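# Structural overview for review
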Amino acid sequence: MQLTPRPNGSLVTTAADYYTLLASFAQAIWETDPDGIVVTDSPSWRACTGQTLDSYLGEGWINAIHPDDRPYAMHLWKEAVAAQLPVNAEFRLQTPEGGWRWTNVRATRILRADGSIKKWLGINIDISEKKLGEEALKKQETRTRLAVKAAELATWEWDLRTDLVHWNDKHFELLGLPVREGPVYADTFLSHLLPDDAESIKAQLADSIRYRIPYDAEFRIVKEDGSVAWMSGYGHVTAEKDGRPVQASGVMFDISMRKKAELALQDASRRKDEFLAMLAHELRNPMATIRNGLTILELKASDMVAQTTINMMNRQTSHLVRMVDDLLDVGRITQGKIELRKKTVNLVTLARQAAESVFPLFQQEGKLLEVTLPPGPVELDGDATQLTQVMINLLTNGVRYTTDTGKVLFSLDHHAYEAVIRVEDNGIGIHRDELARIFDLFVQVDNSLARSRGGLGLGLTLVKSLVHLHGGRVEASSDGLGLGSSFTVTLPTLNPGSAALPETPARLLVIDDNDDSARTLSMLLQLKGYETCTENSGPTGIAAATKQQPAAIVMDIGMPGMDGFEACHYIREQPWGQNLVIIALTGYSQAADRLRSSQCGFDGHLVKPVDIHELTEMIGSLIKQKQTTTS
Ligand code: ADP
């Protein structure tokens, strides 16, 4: 729509219109005679102050003003009337409720045609909100000033157009300069920077101004007396015009004490690391000699006492060697000196090796190790020795931090491109607060079992560092003290985990009246991927076989009561017992014994102590054989 302006005055505005306009935003509108004396009523003044007409008239209005502001208000009014100048003042005005509101009064004289004064006309506008805001701001500023002073902060405000900077007293003091009024040039600060730090600080300041990002830096300054001090500086652009930065401001404070403590700490830590690495290195030679000496003695020792002593010393030496190795490794890792020898490795093989190497420890302590490995390979780019070490450390802790009925579940899973190693035990558990800490260097949770188990608090530090070096992560979890612990290592793999379910492992039954030998054999078979269960006599073995119908039974022959021959014979007579594999595992090795066992229905005959590879090979091939003959 096109608008054509109408001539001025075509919308005639009357005096009444102006009055309505004023009344709509004014607190009060009033008038006085030429001498400034109120002679007419102002309903709006009386409404906002609560004054009666009598108390308002004359110069009574002054009583509606706050006592503190009265002298100033009256003086100003008298002066303005005498000089015939317009009035513009601020003061507090009473409310009918007995409170106070800030008002801005504006008044002007109205002249007659002959130039003489007709009257004074005034208007009051409520400015309480604005005043309260100003007061709050003032209080805030006072508080900030006090805080800046208490925190010993140096402040600066840099006018980027003039390059002049305003400093507070503390700023002068920190640079060792005499305090003076007025601004200084920005160069005064820049020239106090230690030359080594100057370039980077100048660049940071420039970037901060250019890109409007906060500037946050630690740097050294050279004071007037030549001494060097560490400062922390923070600042940002605080004002812009047309989008151009015109002012930057910030603070600076002395951090020399903190820096000194930090450097001392770093130095102490470096020296400690160097000492430990050297100690570990130096301990290797004497240990090698002890180990060699023990080997010689072992060959010579004929009596039991000497043998036992040598065995014990051998065990303790191994323990010592392991701790020294850990110390050396940790030393190398903390100094960033460890080098991984990476190639494509199969984690399943490494997990099996780790389990096999801790197995004697589990046997020695009479604790259970249950291993679950995936059927297919889990390939990753890694250092075989170090990855095996990670698993050995976790498994060893599983033995060390469980009590007599200790049991450790060791599993490896492969999902997508992630391998998940889990070592779960039913041991002493870990308090929630300690879970994150136990991976730190030299941390041992303060409890008597942990202490009695020796160790240096290095194992988990190594685990974490090595896992990180392989791009993985490790987590510990525990439901609390006494409730066992679980450690999960996640590593990236080269091949994807198959979505298909793993092949069901063949189920085996081990029957032996010697419980220790039954349990250890069963553990070894689990390591080879079988599911096993054990029984300690002929009758209980038969009952278990009836119920479970295992793929194979490994059975001792010499058992009290029903022996192996009898038990095997019985099983072969059962309809379910024709096709399963039964292997005799016995101390009897004569040809006659073998003949007898085969007559009783045994498929194979092995002599104790059995070689686990021989046993599993026999189990595997016999199961396959049976499957092909039946199908
Ligand atoms: P070390 O075992 O030599 O003390 P580690 O770094 O292997 O050092 O372990 C650090 C601490 O974490 C141990 O002292 C122990 O308190 C706690 N810890 C480690 N593994 C377990 C676990 N399986 N169960 C309970 N606590 C554990």
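The numbers attached to residues start from 1 for each chain and follow its sequence in the written order. Only residues with pLDDT of at least 70 get local features here, since the model is predicted, and only at 80 or more are side-chain atom pairs given and counted; chain-wide, interface and lining totals rely on the full set of residues. Water and hydrogen atoms were dropped before computing side-chain values, which therefore reflect all heavy atoms in the structure.

A separate point is the sheet that holds strand β15 (residues 418-425). One open sheet accounts for five strands, arranged β12-β14-β15-β17-β16; its pairing is mixed. With partners counted over all chains shown, the strands left at the sheet margins are β12 (368-372) and β16 (473-478), one partner each. Within this sheet the neighbouring strands show an average axis-to-axis angle of 15 degrees, counted without direction. In short, DSSP must find at least two bridges between two strands for them to pair. A run of H or I in DSSP becomes a helix once it reaches four residues, and a run of E becomes a strand once it reaches two; helices and strands are each numbered from the N terminus. Looking at chain direction, β16 and strand β17 (residues 485-492) are connected through six bridges and run antiparallel. From the neighbouring strand, S477 faces β17, where its bridge partner is S486. All axes are obtained by fitting lines to C-alpha atoms, using only the stretch in contact for helices, and the reported angles, taken between N-to-C directions, cover 0 to 180 degrees.

By convention a nonpolar core is built from buried Ala, Val, Leu, Ile, Met, Phe, Trp, Tyr and Cys residues, the set being connected through side-chain atoms within 4.5 Å. Only protein chains enter the calculation, and the probe is 1.4 Å; a residue is then buried if its accessible area is under 20% of its type maximum, exposed if over 50%, and partly exposed in between. Among the nonpolar cores identified, the biggest contains 54 residues, and L347, L369 and F410 are the most heavily contacted of them. In terms of residue count, helix α11 (residues 347-365) provides more of this core than any other element does, nine residues in total. Residue contacts are defined here by distance: any two heavy atoms, one from each residue, within 4.5 Å place the two residues in contact. For L369, the contacting residues outside a window of four places in its chain are A355, V358, F362, L395, V408, F410, M523, Q526 and L527. If you look at the next biggest cluster of nonpolar residues, it comprises 27 residues, including L190, I221, M231 and M252.

On to the sheet that holds strand β18 (residues 507-511). Taken in spatial order, the five strands make up an open sheet running β19-β18-β20-β21-β22, and their pairing is parallel. Edge positions in the sheet fall to β19 (531-535) and β22 (604-607), since each of these pairs with one other strand and no more. Averaged over all adjacent pairs, the angle separating strand axes in this sheet is 20 degrees, with direction ignored. Across five bridges, the pairing between strand β20 (residues 552-556) and strand β21 (residues 581-586) is parallel. If you follow I553 over to β21, its bridge partner there is I582. Packed onto the sheet, helix α16 (residues 538-548) meets β18, β19 and β20 and runs at close to 170 degrees relative to β18. Taken strand by strand, helix α17 (residues 564-573) contacts β20 and β21, and its axis lies near 155 degrees from that of β20.

Turning our attention to the site of the ligand. For the ligand, the set of nearby residues contains 20 residues, the closest of which are N397, Y401, D425, Q444 and L460. Pairing of N or O atoms within 3.5 Å defines a polar contact, subject to two protein rules: one partner must be a possible hydrogen donor and the other a possible acceptor, and residues neighboring in sequence count only if both atoms are side-chain atoms. One of the side-chain N or O atoms of N397 is found 2.9 Å from an oxygen atom in the ligand. Between the ligand and R400 there is a distance of 2.9 Å, counted from an oxygen atom to a side-chain nitrogen or oxygen. Protein chains shield 98% of the accessible area of the ligand, which is 530 Å² for the free molecule. Cavity membership is defined here by more than half of the atoms lying within 2 Å of grid points; on that basis the ligand lies in the largest cavity. Contributing elements (two or more residues each) for the shell around the ligand: α12 (384-400), α14 (459-469) and β17. For this classification, the nonpolar set comprises Ala, Val, Leu, Ile, Met, Phe, Trp, Tyr, Cys and Pro, the charged set comprises Asp, Glu, Lys and Arg, and every other residue, Gly included, is treated as polar. Looking at the shell around the ligand, its residues break down into 11 nonpolar, seven polar and two charged. In this text, near means that some heavy atom of the residue lies within 4 Å of the molecule or strand in question. Here the open area of atoms and residues is found with the Shrake-Rupley method and a 1.4 Å probe, where only the protein chains shown may cover a residue. Only protein atoms enter the 1 Å grid used here. Points where a 1.4 Å probe fits but cannot escape make up a cavity, open sets with protein on both sides within 12 Å along at least five of seven lines make up a pocket, and a residue lines them when an atom lies within 4 Å of a point. Those molecules having more than half of their atoms within 2 Å of a cavity or pocket grid point set are described as sitting in that cavity or pocket.

To pair, rings of Phe, Tyr and Trp, with the six-membered ring standing in for Trp, must have centres within 6.5 Å; the planes then decide the type, stacked if under 30 degrees apart, edge-to-face if over 60, and tilted in the middle. Inspection of the entire model under this criterion finds eight aromatic pairs. Considering the side-chain rings of F439 and F487, the 6.3 Å spacing of their centres and the 75 degrees angle between planes classify their relative orientation as edge-to-face. Taken together, the residues F439 in the loop between β15 and α13 (448-452) and F487 in strand β17 connect sequence positions 48 residues apart. Using a relative accessible area of 6% as the deciding quantity, one classes F487 as buried. Grouping aromatic residues by their ring pairs yields a cluster made of W30, W61, W77 and W120. Charge over a ring is defined by NZ of Lys or CZ of Arg lying within 6 Å of the ring centre and within 35 degrees of the ring normal. The ring of W102 carries the charged tip of K131 above its face, separated from the ring centre by 4.5 Å.

In the sections that follow, a salt bridge refers to a side-chain nitrogen of Lys or Arg positioned within 4 Å of a carboxyl oxygen of Asp or Glu. Evaluated as defined, the whole model comprises 28 salt bridges. A salt bridge links K170 to E173; its shortest N-O distance comes to 3.0 Å. Pair noted here: K170 and E173 are both in helix α6 (residues 169-175), with a separation of three residues, about one helical turn. Among the residues examined, E173 registers a relative accessible area of 48% and is labelled partly exposed. Note that K259 is salt-bridged to E262, the shortest N-O span being 3.7 Å. Here K259 and its partner E262 are both found in helix α9 (residues 256-300), three residues apart, which amounts to about one turn of the helix. Look at E262 and you get partly exposed, because its relative accessible area is 31%. Three or more residues joined by partner-sharing salt bridges are found here, namely E90, K130, K131 and E134.

This paragraph deals with helix α4 (residues 70-83). Helix length check: α4, at 14 residues, gives a terminal C-alpha distance of 20 Å against a target of 20 Å (1.5 Å per residue), a fit within 8%. For α4, the set of buried residues is A73, M74, W77, A80 and V81. Along the axis of α4, the buried positions cluster into a sector of 135 degrees, meaning they face one direction only. Those residues of α4 that are exposed and aimed more than 90 degrees away from the buried face are P71 and A82. Its buried side turned inward, α4 meets β1 (28-32), β2 (87-94), β3 (100-111) and β4 (117-126). Just downstream of α4 lies Q84, where phi reads positive at about 55 degrees. Helices are assigned an expected span. That span is 1.5 Å times one less than the residue count. For this quantity, the arc is that covered by the directions from the helix axis to the C-beta atoms.

Another point: empty space enclosed by the protein. Grid points are joined across faces, edges and corners, and a volume is the space filled by probe spheres set on the points. Considering all chains together, one arrives at five cavities of 30 Å³ or more under this definition. Here the largest cavity defines a volume of roughly 500 Å³. Looking at the lining of the largest cavity residue by residue, the class counts come to 15 nonpolar, 11 polar and four charged. Lining of the second largest cavity is provided by 14 residues; of these, W30, W61, W77, F91 and V105 occupy positions nearest its centre.

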